[in-house]
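Residues per chain, in single letters:
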Amino acid sequence: MSSYQMNANSGPNRAMGTVGEPSYMDLSNMPVDNKQQQTMMWQQNQYMSDSGIHSGQTTQAPSISSKSHGEEVDEGEMDPSKMMFDWGLGADSYNQEQVDEINQQLNQTRSQRVRAAMFPETMPEGVQIPSTQIQADQPTAVQRLSEPSQMLKHAVVNLINYQDDADLATRAIPELIKLLNDEDQVVVYQAAMMVHQLSKKEASRHAIMNSPQMITALIRAMANTEDIETTRCAAGTLHNLSHHRQGLLAIFKSGGIPALVKLLSSPLESVLFYAITTLHNLLLHQEGSKMAVRMAGGLQKMVSLLQRNNNVKFLAITTDCLQILAYGNQESKLIILASGGPGELVRIMKSYTYEKLLWTTSRVLKVLSVCSSNKPAIVEAGGMQALAMHLGHQSQRLVQNCLWSLRNLSDAATKMDQLDHLLQMLVQLLSSNDINVVTCAAGILSNLTCNNHRNKVMVCQVNGIEALVRTIMQAGDREDITEPAVCALRHLTSRHPEAEMAQNAVRLHYGLPVLVKLLHPPSRWPLIKAVVGLIRNLALCPANHAPLREHGAMPRIVQLLIRAHQDTQRRASISSNGPPLTGYVDGVRMEEIVEGTVGALHILAREAHNRAVIRGLNCIPLFVQLLYSPIENIQRVAAGVLCELAADKEGAEMIEQEGATAPLTELLHSRNEGVATYAAAVLFRMSEDKPQDYKKRLSMELTSSLYRGDPNWADPPVFEEMTMPLEDSRDPMYNAQGSQGSMYGGAHSDMGRGPTGYEQVPIDSMQGLDIGSQHGSGYGPMDNLPDLASPGDINFDNIDPALGPPGGDNPNQWYDTDV
Amino acid sequence: MAGHTAGEPLECYSIPIVLEKEQDIDQQGNPVLEPDGKQRYRCGFRIGGGIDQDPSQSPQGYPDKGVYVTFIHDNSPASRCGLQLHDKILQVNGKDFTVVTHKQAVESIRKKPVLKMLVYRKGVPQLPKSSNQMGAHTQFQAYNQHVPQQQYNAQQPQYHQQY
């Protein structure tokens, strides 16, 4: 049933107003505080008004729904007789007199009940007030309203306080401004202290914020004073102001930032704290602050603060400031670099364990790690190892930021040692459930294993191969993961002591089927290119020949070759009239696919059954056609695969029938040694059945063309004396070339050739063969092919990776050409 | 600009030059033909250099592996078009010349009858710091080379923007 009569506009009053009874308040009991007294006064004022509820008449409350709890009793609205009935005390037990008495008692104590509900703090101790509650689980209306009315009371109290504060501040501020500008330092100090106190309370704080002259005066006082306490108070004030938007704006507009940046050199720790937190708030929320801090030299100061301080919270805020300033701003990153930032940041990562600090620092490192000048500095300062320390941390955000940073840095860290722990963690992280983690780990491994045989060996030793194969299987068609993982495997399967083990391991962990599957759609060209390269490496291991054949690798590779080749042909015919088309598809040139696929077939063709398959796929015409390609690398792999195929009689015949002799003869004169050597080898093998004098003429021609650059030799060994073991050897070309090498060597020692020659590194004589595109022919700087295997343990570390040895010719020559 | 490492990003002012080849004729005034019968054209200059050559062996002492003009014949299209001795050729008909072999350079030049080149000449002012400044209305135009793909994939994050 209804409670009070609640009209919309007079609600609160009504709810609280009760009887005009004498006040039970005794002011002398009240606390001395002015405010409370005022509140009391207000309370009592309200008591005086008569709200009319006590009239005892039954009234309806129109605004309250009356689907009610019939048993609910309320005060003052019920007919006494009805009350009696509801109390169920037995209508007989009370006579009218008693009822009246009870009523009167309840009336008299009503205000007490209301007061107790609203202002419990004002009740004297131990007073018993008769309650109207009949049933324990049915609160009376007063009880139900007690909490909301208390809240309301608090709000009004606050308002009163607020208004007071605001009034006070508004009156006081002009005075304070004058005092802050005073000559006398003591006066300034007092004023600053007062302002600081005012700034702690909300109303006065707002008054301060709204007065630009006050802010200016504060900043000036802060900057000019020699008294450090004044500075502290002023800084503290600004700090308090910086929690509000208007405060930030006011500080910014009054030129607070340069002054705050200056404070960063203060010896007093509290001043430092105030300054850095205020700057932090400005950087976070105030537009234009970043530029101002940069211009005021904030970056250098903050980096130097990293050195001096040990407080982890302070460091966390400072590094977060650096992150905000450096994000997206190249110049800031360079300034941080110049101030020694990378070293400090790496030191922090190594020395502290407070998660928030590690996280903010890792974010700064991440932002810096995309800057090509910062990258080497971070790596040299030990950044990779420092970041690796936290890869096992339980904070996901920290791990993720470390991984991103590592990935950005990884291409600059390939020459680093002591990455063993990192490599181990990365292999472990490959089995994480988080896709981002796996993607990053794969990418980092791919880069770190590139051209670094120590890392390669390490990864193999910690079961990296198995982990990578599993990752590839689980990744499905997510190329973000499979591509770097395949690249990593490709690196791991060539050119290091454990390469052979790795080649076997891929097969033993059931990697071959899934790899061949990746040659098919929906794989895009970059992934396909990587897989083809990996298959080529895997084919170096004879045990893989049969499985690769059984999984249908070769037909698919040939398909890809044909498609890529047709694409290049089409483009060549279009461009013969217009400007040359660069022909990138998905960032991959079709010429690279041609080279990769033919290279893979070259190695696969070492095995006799595979050769039969290749012949059956009718590739020989295409290979012969590729001999005409203008790109040396393609010529080389085409000649190479033909060389293998020519080992069989049927192969040799088919090659000859396709008219390969002419282009091969042409290629004998190639500047590229690998091309020339393979061409010679094919011609030689094709000549097996020819009459003797043909053979002799051929060998003369071959040797003369191979030795064309060398005027000094008198009696070159005849070509056919070279041992050219055939299928029973794994690497016929290497043996042949080995003996070529020795012939060169022989030539050297016999003829005493001077410094112009090939005396440099054996690399020259071997470079043409199976070394991938390390020389810059055909297409510009190397992309990721330098890892194609050579079975010998040839050390390529002294090749300039960007360019590789020059294309086959004497590197010491320099000549010009008339055009 | 001098001593630029092939493959690194490069930004510098360059001079655009258009060279129209002339028909090559011998002393009697007869046109010289290519082996396949086509008319041969000549530009009238010599080029040296390339990434497969060693610049320290060059008599002119070129600082890097770019392609340089080593000689200009008198009374030739090269002498008439504004090309100068020791110009470094940056681009020919859209093909970048800072990472080419000698042979590639020669082939590219021989391909077309008209060459649209961009060359770098020593003494040309340095490009100012901010890359937004374009001196396009002067004789010089800023030449921007894209960073070629690094040897190992330099991973760059995709999920938070880069500068």
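Since this is a predicted model, take the numbers as computed values, not measurements.

**Some words on the overall build of chain B**
Item 1. In terms of regular secondary structure, chain B is built from two helices and nine strands.
Item 2. Its helices and strands taken in sequence order, chain B reads β-β-β-β-β-α-β-β-α-β-β from the N to the C terminus.
Item 3. Residue burial in chain B is summarised as follows: out of 163 residues, 44% are buried.
Item 4. Nonlocal contacts in chain B, meaning residues at least 24 apart in sequence, comprise 65% of its contacts between residues at least 6 apart.
Item 5. When the accessible surface of chain B is totalled, it reaches about 9,000 Å², and 48% of it is carbon and sulfur.

**Quick notes on the overall build of chain A**
Item 1. Counting secondary structure elements, chain A contains 41 helices and three strands.
Item 2. The buried share of chain A, taken over its 819 residues, is 54%.

**A look at the nonpolar core**
Item 1. If you look at the biggest cluster of nonpolar residues, it comprises 191 residues, and the most contacted ones within it are L180, L391 and F623 of chain A.
Item 2. One finds L19, F97, V100 and I109 of chain B within the second-largest nonpolar core, a separate group that totals 23 residues.

**Describing unusual backbone geometry**
Item 1. Along the chain, P521 of chain A connects to P522 of chain A via a cis peptide bond; the corresponding omega equals 5°.
Item 2. In the Ramachandran plot, R495 of chain A falls in the positive-phi region, its phi being about 65° despite a non-glycine side chain.
Item 3. Of the residues examined, R495 of chain A reaches a relative accessible area of 17% and is grouped as buried.
Item 4. Located in the positive-phi region is N75 of chain B, a residue other than glycine, with phi close to 55°.
Item 5. Here N75 of chain B shows up in the loop between β5 (67–72) and α1 (77–81).
Item 6. Judged by relative accessible area, N75 of chain B falls into the exposed class, the value being 63%.

**Some words on the pattern of salt bridges**
Once their charged atoms are close, side chains differing in charge can pair, the charge on each being opposite to the other.
Residues and elements named next belong to chain A.
Item 1. Taken as a whole, this structure holds 26 salt bridges over all chains when the rule is applied.
Item 2. Among the salt bridges present, the one from R347 reaches E344, with a minimum N-O distance of 2.9 Å. Taken together, the residues R347 and E344, both in helix α17 (residues 341–351) and three residues apart, mark about one turn of the helix.
Item 3. The exposure class assigned to E344 is buried, which follows from its relative accessible area of 12%.
Item 4. A salt bridge links E355 to R397, with the shortest nitrogen-to-oxygen separation between them at 3.0 Å. Placement of E355 in helix α18 (residues 355–368) and of R397 in helix α21 (residues 396–409) is noted, with a sequence separation of 42 residues between them.

**A word on the confidence of the model for chain A**
Residue and element names in this part refer to chain A.
Item 1. Mean pLDDT over chain A works out to 78, with 75% of the residues at or above the 70 mark.
Item 2. Here residues 45–78 scores under 50 on pLDDT; set against residues more than four positions off or in separate chains, the count is 60 contacts.
Item 3. Every residue in residues 80–90 scores below 50 in pLDDT, and together they form 17 contacts with partners more than four places removed in sequence or on other chains.

**Here's the deal with the environment of A377 of chain A**
All names here are of chain A.
Item 1. Tracing the chain through its elements places A377 in helix α19 (residues 374–380).
Item 2. With 35 residues separating them along the chain, A377 and A412 place their C-alpha atoms 9.8 Å apart.
Item 3. Those residues within four positions of A377 in sequence are excluded, and the remaining contacts are L337 and P342.

**What to know about the packing of helix α14 (residues 298–308) of chain A against helix α15 (residues 312–326) of chain A**
All names here are of chain A.
Item 1. Relative to each other, α14 and α15 sit at 150°, their axes nearing to 10 Å. Viewed along their axes, α14 and α15 form a crossing whose handedness is left-handed. Residue-level contacts link L299, M302, V303, L305 and L306 of α14 to F314, L315, T318, T319, C321, L322 and L325 of α15.

Thresholds, definitions, all that
Residues numbered from 1 in each chain as written. Chains lettered and ligands numbered in written order. Predicted model: local features only at pLDDT ≥ 70, side-chain atom pairs only at ≥ 80, totals over all residues. Heavy atoms only, no water. Helix = DSSP H or I, 4+ residues; strand = E, 2+ residues; numbered from the N terminus. Buried < 20%, exposed > 50% of the residue type's maximum accessible area, 1.4 Å probe, protein only. Contact = heavy atoms within 4.5 Å. Areas by Shrake-Rupley, 256 points an atom, 1.4 Å probe, with all protein chains shown as cover. Core = buried A, V, L, I, M, F, W, Y, C linked by side-chain atoms within 4.5 Å. Salt bridge = Lys/Arg side-chain N within 4 Å of Asp/Glu carboxyl O. pLDDT = per-residue confidence, 0-100. Axes fitted to C-alpha atoms, helices over the stretch in contact; angles between N-to-C directions. Left-handed = near helix turned anticlockwise from the far one by under 90°.

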